[in-house]
Amino acid sequence: MTVYFIGAGPGAPDLITVRGLRLIEQCPVCLYAGSLVPAEIVAAAPATAQVVDTAALDLDQIIDLITAAHAKGQDVARVHSGDPSIYGAIAEQMRRLDALGIAYDVVPGVPAFAAAAAVIQRELTLPDISQTIILTRTAVRSSAMPEGQDLTTLGQARATMAIHLSINNLAKVVKELSPFYGEDCPVVVVYRATWPDQAILRGTLGTIREQVKASGMTRTALIMVGQVFGDSEFTDSKLYDAAHSHILRPAREA
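Quick notes on the rules
Residues numbered from 1 in each chain as written. Predicted model: local features only at pLDDT ≥ 70, side-chain atom pairs only at ≥ 80, totals over all residues. Heavy atoms only, no water. Helix = DSSP H or I, 4+ residues; strand = E, 2+ residues; numbered from the N terminus. Contact = heavy atoms within 4.5 Å. Salt bridge = Lys/Arg side-chain N within 4 Å of Asp/Glu carboxyl O. Buried < 20%, exposed > 50% of the residue type's maximum accessible area, 1.4 Å probe, protein only. Pairing = 2+ DSSP bridges. Axes fitted to C-alpha atoms, helices over the stretch in contact; angles between N-to-C directions. Domains from an automatic or database assignment. Buried area = accessible area lost by both parts, 1.4 Å probe. Polar contact = N/O pair within 3.5 Å; in protein donor to acceptor, adjacent residues only side chain to side chain. Disulfide = S-S within 2.5 Å. Phe/Tyr/Trp six-rings, centres within 6.5 Å; stacked < 30°, edge-to-face > 60°.

### Things to note about the side chain of Ser178
Move 1: By the element assignment, Ser178 lies in helix 7 (residues 170–181).
Move 2: In this view, Ser178 contacts Glu183 and Leu205; residues no more than four positions away in its chain are not counted.

### A short note on the pattern of salt bridges
Move 1: With the rule as written, the count across this model stands at four salt bridges.
Move 2: With a shortest N-O distance of 2.9 Å, Arg96 and Asp60 are connected by a salt bridge. Separated by 36 residues along the polypeptide, Arg96 in helix 4 (residues 91–100) and Asp60 in helix 3 (residues 59–71) bring together distant segments of the chain.
Move 3: Classification of Arg96 by relative accessible area gives partly exposed; the value is 33%.
Move 4: A salt bridge links Arg192 to Asp197, with the shortest nitrogen-to-oxygen separation between them at 2.8 Å.

### Quick look at the sheet that holds strand 5 (residues 103–107)
Move 1: Ordered in space as 3-2-4-1-5, the five strands form an open sheet in which the pairing is parallel. Of all strands in the sheet, those with a lone pairing partner are strand 3 (50–53) and strand 5, marking the two edges. Along the sheet, successive strands turn relative to each other by an average axial angle of 15 degrees, direction set aside.
Move 2: Those strands touched by helix 1 (residues 18–26) are strand 1 (2–7), strand 4 (76–80) and strand 5, and its axis lies near 135 degrees from that of strand 1.
Move 3: Strands strand 1, strand 2 (29–32), strand 3 and strand 4 of the sheet are contacted by helix 3, whose axis makes an angle of about 170 degrees with strand 2.

### A look at the domain arrangement of the protein
Move 1: The domain architecture assigned to the protein consists of domain 1 (3–107) and domain 2 (112–229).
Move 2: Relative placement of domain 1 and domain 2: their C-alpha centres are 28 Å apart.
Move 3: Taken together, the 10 residues of domain 1 in the interface contact 12 residues of domain 2.
Move 4: Buried surface at the junction of domain 1 and domain 2, summed over both partners, amounts to about 810 Å²; 68% is from carbon and sulfur atoms.
Move 5: Of all residues in domain 1, Pro10, Ile86 and Tyr87 give up the largest surface area on contact with domain 2, accounting jointly for 58% of the area buried on that side.
Move 6: In this structure, the connection of domain 1 to domain 2 is made through zero salt bridges.
Move 7: Inspection of the region where domain 1 meets domain 2 yields five residue pairs in polar contact (both at pLDDT 80 or more).

### With respect to the state of the cysteines
Move 1: By the definition in use, this model includes zero disulfides.
Move 2: In this model Cys30 remains outside any disulfide bridge; the closest cysteine sulfur is found in Cys27, 7.9 Å from its own.
Move 3: Under the relative-accessibility criterion, Cys30 is labelled buried at 0%.

### Structural notes on the sheet that holds strand 6 (residues 133–137)
Within a sheet, neighbouring strands are paired by backbone hydrogen bonds and run either parallel or antiparallel to one another.
Move 1: Sheet architecture is open: five strands sit in the order 6-7-10-8-9, paired in mixed fashion. Lying at the two open borders of the sheet, with one neighbouring strand each, are strand 6 and strand 9 (199–204). Adjacent strand axes in the sheet meet at a mean angle of 20 degrees, parallel and antiparallel pairs treated alike.
Move 2: Here strand 8 (residues 186–191) runs beside strand 10 (residues 221–225); their pairing, made up of five bridges, is antiparallel.

### Details of the packing of aromatic side chains
Move 1: Under the criterion given, the structure shown has one aromatic pair.
Move 2: With 6.1 Å between their ring centres and 75 degrees between their planes, Phe5 and Tyr104 make a pair best called edge-to-face. Here Tyr104 lies in strand 5 and Phe5 lies in strand 1, a separation of 99 residues in the sequence.
Move 3: When its relative accessible area of 0% is taken as the criterion, Phe5 is described as buried.
Move 4: When its relative accessible area of 29% is taken as the criterion, Tyr104 is described as partly exposed.

What follows is the structure, encoded as structure tokens:
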């Protein structure tokens, strides 16, 4: 018996991995986060499967369901949104399973920041502009941020930043990043990337708050900050530069 932590992807049902979908189709128990995982994905579970929306359950109740499946020798598809390694709360579940001696595996999924970059058709790492991506959040009602991981510290890098779980904390985001990025720095807010009701707001650190306020967005929106979202000039990468040689493309003879 194995518990499979499966990343369902950002929202569009066809963005789940082939491996993840096949496991859902095979497992006799499917536990999923109903508020964030599309119904079409768990609909792929066997007709006889026990399918449970865990949105209203606490950790103990979820582990109880897994323990019951373990007693019956039934594999469990534990389906999370996006990629389970990013704000997936799987570490605490795996810790419990380790203590119980229950085997598990992790199946990656398309993370929200990658989906957002795709829908706005932007590369997050441009030569001369940004070669670093910071994935972070702010503390609202959730766990406190560890020391040294606040926006005023991270902002000093002026890297491309994807800020999760913080749309209700946008005033803080703007206040703490503006001294480093500038009020004219481009910002893109992507609401429910790849879902049918997806929405995109484009502005700057100086204008984005009013736009978000007018839109009524209050959850499931990703804040993306950085010069890569603007019209900045950048040089071509060395990857396809004819003058750049590497092991698979030896230098041309003169």
